[in-house]
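Reading the structure
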Amino acid sequence: MVEGKRADLRRMGHEQNNQYKRTLAFVIFLIAALALITATFLNPIFMKGQIRTSSNQAVVVRQINKNFDNLADLVGARSEDDANLLANAQTQPIADHVIDYSLGIHGFKVNNLDLANQILTDIHKGIDKGSSSGAQTIDSKLKKQGTNAPYAVAKAFNLRVVTLGANIACLLVIVNIIIIIVTIITLFSLLNDMRTKSATRMLIHDIAAAGMWAGFWVILISGLLAVVPVIFDVDNIELGFLLEIGSSVFLEYVITGVVMYVICAIPWQATSAK
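The notes below deal with the structure included here. All of these numbers come straight from a predicted model, not from anything done at the bench. (Residues numbered from 1 in each chain as written. Predicted model: local features only at pLDDT ≥ 70, side-chain atom pairs only at ≥ 80, totals over all residues. Heavy atoms only, no water.)

Backbone geometry follows two general trends: most residues other than glycine have a negative phi, and most peptide bonds adopt the trans configuration. The phi dihedral of N158 falls on the positive side, at around 50°, and the residue is not glycine. Relative to the helices and strands, N158 is located in the loop between α7 (149-156) and α8 (159-195). Given a relative accessible area of 31%, N158 falls into the partly exposed group. (Helix = DSSP H or I, 4+ residues; strand = E, 2+ residues; numbered from the N terminus. Buried < 20%, exposed > 50% of the residue type's maximum accessible area, 1.4 Å probe, protein only.)

A separate point is the packing of helix α5 (residues 113-126) against α7. Where α5 contacts α7, the axes come no closer than 8 Å and their chain directions differ by 95°. By the angle between their directions, the pair α5 and α7 is classed as roughly perpendicular. Across the interface between the two elements, L113, A116, N117, I119 and L120 of α5 pack against A149, P150, Y151, V153 and A154 of α7. A per-class count over the contact of α5 with α7 returns 9 nonpolar, 1 polar and no charged. (Axes fitted to C-alpha atoms, helices over the stretch in contact; angles between N-to-C directions. Parallel < 35°, antiparallel > 145°, perpendicular 65-115°, else oblique. Contact = heavy atoms within 4.5 Å. Nonpolar A, V, L, I, M, F, W, Y, C, P; charged D, E, K, R; others polar.)

Grouped together as the largest cluster of nonpolar side chains are 38 residues, with contacts concentrated most on L71, L142 and F157. Breaking this core down by element, the ones donating at least two residues are α3 (54-74), α4 (88-102), α5, α6 (133-145), α7 and α8. Element by element, the count of residues in this core is highest for α3, at 6 residues. Not counting residues within four places of it along the chain, the set of residues in contact with F157 comprises I64, N67, F68, L71, I94, I119 and V162. Judged by nonpolar contacts, the second largest core, of 16 residues, contains A25, L187, L190 and A210. (Core = buried A, V, L, I, M, F, W, Y, C linked by side-chain atoms within 4.5 Å.)

Scope: geometric values only; no functional claims are made or implied.
Structure, rendered in structure tokens:
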């Protein structure tokens, strides 16, 4: 009878330990995932560097040219296909201004005319005599629009969606920071509770195991998201260009997950029972 009670206690202790490890792995994964998202997708400095990589420059040029062709329709300057293409040097300032407007911590945005005027200025500065004939025609038509030109730019570049995205991004930054802080507090509370129930060697072993599982899930989920633009045609999907740009970022997440896994595997192996 006594042996039965001891077996039940050992079983309950084993189940509780497994529950601790699952919770710890989830907490570590949540902290890592939110920190990565905040430091990359929601960071204007990082994203401006990201769109300058060779793999993403073509995506940015293609997307801005789509909007530029919409602008050609609005101002009555549509000509033959591909006549209105902007070069990378002409699209980069526009992309930078959209990123600065959208990402980071800022106030609630209700007006996008300032951004429209910045894009309009970028167009005027970027288009010169060496630009395509279609681009020069659009530039000339825009100058004739006068005070109506910013509104045409806002409609062509769908700045209402950009404004909505900017407010969502700002909210996500704030929410992510709050969740990370709360989760870190939960992590320390969980570790303190585990420390009272196990020896130091086993505590380190369990923490390392949880870190390995967290790294594994970062690798798996990021890897799946990275191959979405490869498997599916996202060019015709609304905001599909974000998935294409995000693909390279998710590959960096995979590398981060591998680093997490390797770093945690060392103390896990060192503290394994011999």
